[in-house]
Amino acid sequence: NRILIPKFLFFTPVQPTPNYRSKSSGINAEYAFRKRIHEVQMAKDELEWQQRNTKREINVLQDDIRGLKQAITDKDKPLEVVETRAENRSYRPRVELCRDEPHDGLLNERNELQGTVASLIDQHNIAEDALAQLNQTLERLDNDWSIKGSSLELDERCMTKRQKLLLVSHKV
């Protein structure tokens, strides 16, 4: 009635020594710290690159907006002149209203100038909206960059403290 139990059921693997385990986990932790520091540094560098590009785009857009404002201002005087001429031509005392080719030309020129000014105003509004979005993006990038910087600083301080503790533990 004897049951034979195979020997492998009683076999227990050799446990690594505590010293080996601590060295291994220490190396893994150090590797994880260094990897994290490297990843955070790369993310911070990427954010800096995005900040530079966003600032460059903001500067270009601000120049475009100034140009559009100037173009709108430049169209104001010719529009006033055309409107004044058309009005003077329409309201002449003791002269019959004349709808001739010069009068039609003045009205067409006024309509073209008004259309151009309206188009410039639309472009200006679109550019202002884009500028506001770029400024929001830059603000978000600045905030993210600050967070990455704080995280990187904290990780580096932890790594320094960890190395000091390892030196002390090896001396003991």
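None of the values given here were measured: they were computed from a predicted structure.

Now for the overall build of the protein. On a plain count of helices and strands, the protein comes out with two helices and zero strands. Looking at the protein residue by residue over its 172 residues, the buried ones come to 19%. The contacts of the protein with a sequence gap of at least 6 include a subset with a gap of at least 24, amounting to 85%. By element, 55% of the accessible surface of the protein is carried by carbon and sulfur atoms, the whole surface being about 13800 Å².

Another aspect to go through is the side chain of D155. Note that D155 resides in helix 2 (residues 101–171). Exposure remark for D155: the relative accessible area of 7% places this residue in the buried category. Residue contacts for D155: discarding those within four places in its chain leaves F33, R36, I37 and V40.

This paragraph deals with the environment of G67. Positionally, G67 belongs in helix 1 (residues 18–90). Along the backbone, G67 and H124 are 57 residues apart, and their C-alpha atoms lie at a distance of 9.3 Å.

As a further point, take the pattern of salt bridges. Applying the stated rule across the entire model yields five salt bridges. A salt bridge links D63 to R66; the shortest N-O distance between them is 2.2 Å. Taken together, the positions of D63 and R66, both in helix 1 and three residues apart, correspond to about one turn of that helix.

With ten residues, the main nonpolar core is built from I58, L61, I65, L68, I72, L120, A127, L131, L134 and L138. The residues contacting I72, other than those within four sequence positions of it, are L120, I121 and H124.

Looking at where H124 falls in the secondary structure, it is placed in helix 2. In this structure, H124 is in contact with I65, L68, K69 and I72, ignoring residues within four places of it in sequence.

To continue, consider a negative patch on the surface. A surface patch of negative charge is lined by D74, D76, E80, E83 and E87. Counting through the fold element by element, D76 comes out in helix 1. Judged by relative accessible area, which is 35%, D76 ranks as partly exposed.

Here is what the cut-offs are and how they apply
Residues numbered from 1 in each chain as written. Predicted model: local features only at pLDDT ≥ 70, side-chain atom pairs only at ≥ 80, totals over all residues. Heavy atoms only, no water. Helix = DSSP H or I, 4+ residues; strand = E, 2+ residues; numbered from the N terminus. Buried < 20%, exposed > 50% of the residue type's maximum accessible area, 1.4 Å probe, protein only. Contact = heavy atoms within 4.5 Å. Areas by Shrake-Rupley, 256 points an atom, 1.4 Å probe, with all protein chains shown as cover. Salt bridge = Lys/Arg side-chain N within 4 Å of Asp/Glu carboxyl O. Core = buried A, V, L, I, M, F, W, Y, C linked by side-chain atoms within 4.5 Å. Patch = residues over 30% accessible without salt bridge, like charges linked within 9 Å, V, L, I, M, F, W, Y side chains within 5 Å. Lys, Arg positive; Asp, Glu negative; His and termini not counted. Charge placed at Lys NZ, Arg CZ, Asp CG, Glu CD.

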